[in-house]
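# Fold and geometry: a report
If you want the building blocks of each chain, they are given just below.
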Amino acid sequence: MRAVVLALSLALVAPIFAPGKTYVYNYEVSLMTGLPEMGLGRAGVYGNCKFLISAIDQNTLVLKIADIEINEFNGIWLKDHPNLMSMLPKIMEPETSIPIKFEYSNGTVGKIYAPEKVSDFVLNFYKGFLNFFQLNIKKTHNVYDLHEAGIEGVCKTLYSVNEDVKADRILLTKTRDINHCQERIYRDMGLAYTEKCEECQKISKNLRGTASYRYILKPVPSGIMITKADVNEIIQFSPFSEHHGAAQTEIKLTVVFLEIQNTTITPNPVEYHHRGSLKYEFSKEFEWTPLQFVKVTDLQVQIQDLLDHIVTHNAEKVNDNTPLKYLELIHLLRLACNEDLEGLWSKYKNIPSHRLWLLEAVPASGTTTALRFIKEKIVAEDLSVVEAVRTLAAAVHMVTANPETIKLFETLMEDNKINANPVLREIVFLGYGTMISKYCTESDNCLVEFVQPIQKHLSEAVSKGETEDIILYAKVLGNAGHPSSLKSITKIMPIHGTAAASLPIRVHIEAIRALSNIAKKESRMVQELALQLYMDKALDPELRMLSCIVLFETNPSMALISTLANAVKSEENLQVASFTYSHMKSMSRSASVIHPSVGAACNVAMKILSPKLDRLSLRFSKAIYGESYSYFMLGAAATAFYINDAATFLPRSVVAKTRAFFAGAAADVLEIGVRTDGLQETLLKNPSVLDSADRITKMKRVIKALSHWRSLPNNKPLASFYIKLFGQEIAFANIDKPMIERAIELASGPSVQTYGIKVLKTMLLSGVSFNYTMPVMFTEVRRVIPTSSGLLVELSLFSAAVAAAVVKIKPTLSQRLPEDFPLSRLLETDIKLETEVNPSYAMATYAVMGTNTPIYNQLIVSRVKFNSTLPSKISAKLDIKEGDFKIEVLPVSAPENITAGSVETYTVARNIENPTVEKITPILPSKVLESFPIQILSNKDSSSAEVSLLTLTKFVPFFVKRYSCFKVATENAAFIHDTALYRMIGSQNASFSITPIEGEAVERLEMEVKVGAKAAEKIIKQINLNDGAATVLSKLNKILASNKNHTLSSSSSSSSSSSSKHFYKSSSFSSFSHQSSTSSSRSSHSSRSNSNSSKLSSSRSFSNSSRSSSASSLASLFSAESSSSRDSARRSMVEIQKLFHGNKQFLHKNIANKPILKLTYLGFPQQKANSHRFRKSHKNQVFPFRILKHKPDI
């Protein structure tokens, strides 16, 4: 045994290759993606080939591939068979026929050389084979671990060496933990605004990977030789905790030594270039979309055809497949060069429909070419201001950040046309900071030169005293978050002894807020600065509270939080003390997952502070923090800051922000802040605002105080606000005197009035018809991970939506009007407007995992689709002179489903042999589902975990003569594992529809409005007491009369003590068949209302008066507030219910089948000056509402 170990220590160094010979190996590779269980759908690829290795000299070898065979698999695992892709080896032959060179010494693969003709895709496949020969064998250890370089990066690797004496061979295993790497090779897209949630990943990981290598080595005189080796690698991912199940990609590789040939491989007579090391080299992976396999022949023609298809199929309604087509358009535009974009622009710039789709898709493509195209069009003034704002704002967040795009934004900042427009200037400057932040997040080489132009502008603005420019540049540095900006920001902070103390407080506030993003990279430096500001009691309390906010964003230590707590104990300013105490108290309740150390430290600090601070009212500043986190690795946190001042009655500043946690990542979703410093000053100029008075009086005084805004100085804003999205400030504004003057000038200018009159005349003479469409790509998040095979595994999430509305307005006039008619002619014209509105919406989301290459796709896809459409037809008749207005909602032909949604999970296979054809296999085949019991449950039992197939249908009476139907059908994998992920796997469908009740069709809904002195003369319906209804109504009147006097007195006394009830109204509403309704009236001055009611009804028939009297009594009954009135009301209601229940058939026969049903509101004349404004503004008006089953005989 000792002899064997000694032999190993001397000979077992590394594989060797003798010069003048060729070593032939058989190589097999398999990648399969799906769920780990057998019998379910999977997608993958099989391949086998031969690799030939020859040594040119001692350390340089030549590698060549031969006899390639590729098979694709898409079907049921262990049941279906792979299909041969015979064309792929021929397509790859021009590259695979070229040998490559590599350096190899002591078991380590060094530099790799290849001609330029060999693509990165083929070269990485070579590296997958060479990865087997990366061996670090120690002479004196049998079991050891180290960090070893490989194709996936420098990761932790465990070695185990054993010898088989009988077989004269060495057994070696090594395991690579891909989760623990000093240098992990991967590439992300769309994750620049997210942060890794370290605490979330401690409990469970969403993404895990490991690779296990097994070698059979044969000792040879000068070293060892690999006779057989295999790899089994697993990469698993779950959007939730891994305990709830995960999808996986399994990679299996096998190398078998075949023979040694006495010939050598001759390299091609071309120039070989250094192409990196064994590590995976990225190239154009994000140009390969996993959603479609697009074979580019003539790119510009393909884009034109796709644009024409999208516009044609969305003219009247959004097609369900339009979101996918929009994503395809974005993918094609990523491949376009500047000449292609210019050609498309010249063709479609004068076609509004195509122009809109092109301008929305170009920034979404996210390329440098797209940004350069947008810049050229803005500078050339080919875009309107609205189009420029939309495209620039989208480009800021969608264009990939790199030095070239940063330089393009820098040139835009210097453009005079951009600086002439305040909105464009704000977007460009803030966008410049955002681009720097995105680039520094994704790259280790974040140069100081990027922020130097802004730092220079800031210095110049400070020297000139330009407050607005100082604020803008501070916001830009805050967006960039570059640590080198800390020195520049410090120069405008109110630190003791600096000249910045004389700057306005608005500048100091922005300087402190700019520290938030810097704190994520240099928390220690920001903590020292923020603590210094907080401890300076000479500063404005608002600045100290903002410093406290920044401190807690740096995840402070126990010592720092204890220092704050001790400072609060001796704090003299109760605003600062209340704010800090409430912030600590909120954080002490934090869940142990998101902020465990901060929460624990605040818990200790709360024991230091006095509980008296908890008794401070809302007049003092507060900080509120709340969060929720589940073991699904989903969570959310919300924070609200309320900064007040003892001398004000409105808060000086209010900030609200939200944060989301998903799949082990965290992101600041939205932050909104408002300051009201100028508004406070304006209101305090009128001391009567603070006097104790009723609400209406206070509102009048506030409006009167605000009307004196012209007395404000130009540099003093009434209020200001800002909006941050994903931690980046995207917009801010100061509501000041110049802004209000510009808005008034714009709204009252002749151009606006002229345009409005022109639009009105056009609508009345020829009608209006337009189609508006808005496509949006919500999400594109991608991560590509190299595997030991040299092929990539991709995890992607795509989400896009398209909203559209088609509006058609057709006018009908009682007399023909000339083209340039005066508006006074409308008083003599009856107008009828028929409007058809057809809004529609479609959304699609794709979650993808699998192998995505330029020649084939083998993926598992989860697709979520949602679409909705709700057409309507409205007719409006207007008689302006008589004050008659009638609005009718007419029936339309609605689609089968107003809203429908589906979730499907399937595997898909595509290849370049036939790119338009894709093979799809459901994850859950029907035969698998048939082998399990199927249950159809009611709503009560629908939560059962054993259900594999579930179908629910719910009918609900909806509005008038309509049934709403909600259908749900689901087939999921919960029978395998009852977890969240497996419940999503399969097929789920839901739809919502509204259908008319058979035989009870409604012709239209009608609402009439009568305005003017003759409004009360409009009779809605007469009820004759001589018919059969007399018995029912007389009984009802008798019940109400017995309680009338007591109710009136009780209502009058209660109304005298209430300042919020000042009017009387009577309403009557009936509902029959499948409907239910209530009729109620309230009275605050019953005696006066009865008098008014009798005056109004004196000109009517006795029956009309009786109806009003009965309704008045019923209103008094419902508005009674004393205990005796309530008891009487209950007894009367019981008798009323018995009365209606006993005469149900009579009511249904004589009233429910009547053709007209109206809801009437009657306003009565004003009596007292202090009555509610509603009676004054709606004097003598009638608002009828009726439902027509057929045209009434009039």
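Given the structure is predicted, the values throughout are model-derived calculations rather than measurements.

What counts and how
Residues numbered from 1 in each chain as written. Predicted model: local features only at pLDDT ≥ 70, side-chain atom pairs only at ≥ 80, totals over all residues. Heavy atoms only, no water. Helix = DSSP H or I, 4+ residues; strand = E, 2+ residues; numbered from the N terminus. Expected span 1.5 Å × (residues − 1). Contact = heavy atoms within 4.5 Å. Disulfide = S-S within 2.5 Å. Buried < 20%, exposed > 50% of the residue type's maximum accessible area, 1.4 Å probe, protein only. Salt bridge = Lys/Arg side-chain N within 4 Å of Asp/Glu carboxyl O. Axes fitted to C-alpha atoms, helices over the stretch in contact; angles between N-to-C directions. Parallel < 35°, antiparallel > 145°, perpendicular 65-115°, else oblique. Left-handed = near helix turned anticlockwise from the far one by under 90°. Nonpolar A, V, L, I, M, F, W, Y, C, P; charged D, E, K, R; others polar. Pairing = 2+ DSSP bridges. Core = buried A, V, L, I, M, F, W, Y, C linked by side-chain atoms within 4.5 Å. Domains from an automatic or database assignment. Phe/Tyr/Trp six-rings, centres within 6.5 Å; stacked < 30°, edge-to-face > 60°. Lys NZ or Arg CZ within 6 Å of the ring centre and 35° of its normal.

The subject of this paragraph is helix α5 (residues 299-312). For α5, which comprises 14 residues, the first-to-last C-alpha distance of 20 Å matches the rise-based estimate of 20 Å (1.5 Å per residue) to within 8%. Looking at the packing, one finds that the buried side of α5 touches α6 (322-334), α7 (338-348) and α8 (352-365).

A word on the state of the cysteines. Enumeration over the complete set of coordinates arrives at two disulfides. Across the disulfide from cysteine 155 sits cysteine 181; the S-S distance is 2.0 Å. What sets the handedness of the cysteine 155 and cysteine 181 disulfide is the S-S torsion sign, and at about 90° it is right-handed. Of this pair, cysteine 155 sits in strand β8 (residues 153-164) while cysteine 181 is found in strand β9 (residues 169-184), placing the two residues 26 residues apart along the sequence. Here cysteine 602 is not disulfide-linked; the sulfur of cysteine 548 is the nearest cysteine sulfur, at 9.2 Å. What makes cysteine 602 buried here is its relative accessible area of 0%.

By the secondary structure assignment, serine 720 is in strand β20 (residues 719-725). In this structure serine 720 comes out as buried when scored by relative accessible area, which is 15%. Excluding anything up to four places from it in sequence, serine 720 contacts Gly673, Val674, Arg675, Ala733 and Asn734.

Moving on to unusual backbone geometry. Residue leucine 78 is not a glycine yet carries a positive backbone phi of 70°. Its location among the elements puts leucine 78 in the loop between β3 (60-76) and β4 (83-84). Given the relative accessible area of 62%, leucine 78 is considered exposed.

We now examine the pattern of salt bridges. Enumeration according to the criterion identifies 44 salt bridges in this entry. The residue glutamate 152 makes a salt bridge to arginine 176 at a minimum N-O spacing of 3.3 Å. In this pair, glutamate 152 sits in the loop between β7 (143-150) and β8 while arginine 176 sits in strand β9, placing the two residues 24 residues apart along the sequence. Here glutamate 152 matches arginine 176 in class, with each residue buried. For the salt bridge of arginine 513 with glutamate 510, the shortest nitrogen-to-oxygen distance reads 3.5 Å.

What follows is about the packing of helix α11 (residues 403-413) against helix α13 (residues 422-442). Viewed as axis vectors pointing N to C, α11 and α13 meet at an angle of 165°, and their least axial separation amounts to 9 Å. When the axis of α11 is compared with that of α13, the two are roughly antiparallel. The handedness of the crossing between α11 and α13 is left-handed. Between α11 and α13, the residues in contact are Pro403, Thr405, Ile406, Phe409, Glu410, Leu412 and Met413 and Val428, Phe429, Gly431, Tyr432, Met435, Ile436 and Tyr439, respectively. Class assignment of the residues belonging to the contact of α11 with α13 gives a composition of eleven nonpolar, two polar and one charged.

What follows covers the pairing of strand β24 (residues 830-852). Two elements, strand β23 (residues 792-813) and β24, share 20 bridges in a ladder whose sense is antiparallel. Counted as the bridge partner of serine 799 is threonine 845 from β24. As paired elements, β24 and strand β26 (residues 872-879) share eight bridges and run antiparallel to each other. Across the sheet, residue threonine 835 finds its bridge partner in β26, namely isoleucine 874. Two strands pair when backbone bridges link them, and β24 and strand β25 (residues 856-869) are joined in this way by 13 bridges, in the antiparallel orientation. Bridge pairing in β25 places valine 848 opposite valine 861.

Relative to β9, β8 is paired through twelve bridges, and the arrangement is antiparallel. Across the sheet, the residue bridging to valine 154 is glutamate 183, located in β9.

In this fold, glutamate 233 is placed in strand β13 (residues 223-237). The exposure class assigned to glutamate 233 is buried, which follows from its relative accessible area of 0%. When the C-alpha atoms of glutamate 233 and isoleucine 178 are compared, they prove to be 9.9 Å apart, with 55 residues separating the residues in sequence. When residues no more than four places from it in sequence are discounted, the contact partners of glutamate 233 are Glu152, Ile178, Thr210, Ala211, Thr249, Glu250, Ile251, Thr787 and Ser788.

This part covers the packing of helix α17 (residues 505-513) against helix α20 (residues 541-553). Two elements in contact, α17 and α20, have axes whose closest approach is 9 Å; the angle formed by their N-to-C orientations is 10°. By the angle between their axes, α17 is roughly parallel relative to α20. Contact residues: Ile505, His508, Ile509, Ile512 and Arg513 in α17; Glu542, Leu543, Leu546, Ser547 and Val550 in α20. The residue inventory of the contact of α17 with α20, partitioned by class, reads six nonpolar, two polar and two charged.

Judged by nonpolar contacts, the single largest core of 145 residues is most densely connected at Ile303, Leu333, Met493, Phe552, Met584 and Tyr846. Examining the composition of this core, we find that ten residues originate from one element, α13, more than from any other. Residue assignment places this core across two domains, with domain 2 (555-638) and domain 3 (647-740) each supplying three or more. Those residues in contact with isoleucine 303, other than ones at most four positions away along the chain, are Leu329, Leu332, Leu333, Ala336 and Leu344.

Take the packing of aromatic side chains next. The geometry of two aromatic rings is summed up by the distance between their centres and the angle between their planes. On inspection of all chains with the given rule, the structure shows 30 aromatic pairs. Judged by centre distance (6.2 Å) and plane angle (75°), the rings of phenylalanine 132 and tyrosine 213 are edge-to-face. With phenylalanine 132 in the loop between α3 (120-130) and β7 and tyrosine 213 in strand β12 (residues 207-220), the pair connects residues that are 81 residues apart, well separated along the chain. For phenylalanine 132, a relative accessible area of 1% translates into the label buried. Aromatic pair tyrosine 326 and tryptophan 357: ring centres 5.8 Å apart, planes at 65°, arrangement edge-to-face. Separated by 31 residues along the polypeptide, tyrosine 326 in helix α6 and tryptophan 357 in helix α8 bring together distant segments of the chain. Each member of the pair, tyrosine 326 together with tryptophan 357, is buried. The ring of tyrosine 534 has arginine 544 sitting right over it, with the charged end atom 5.4 Å from the ring centre.

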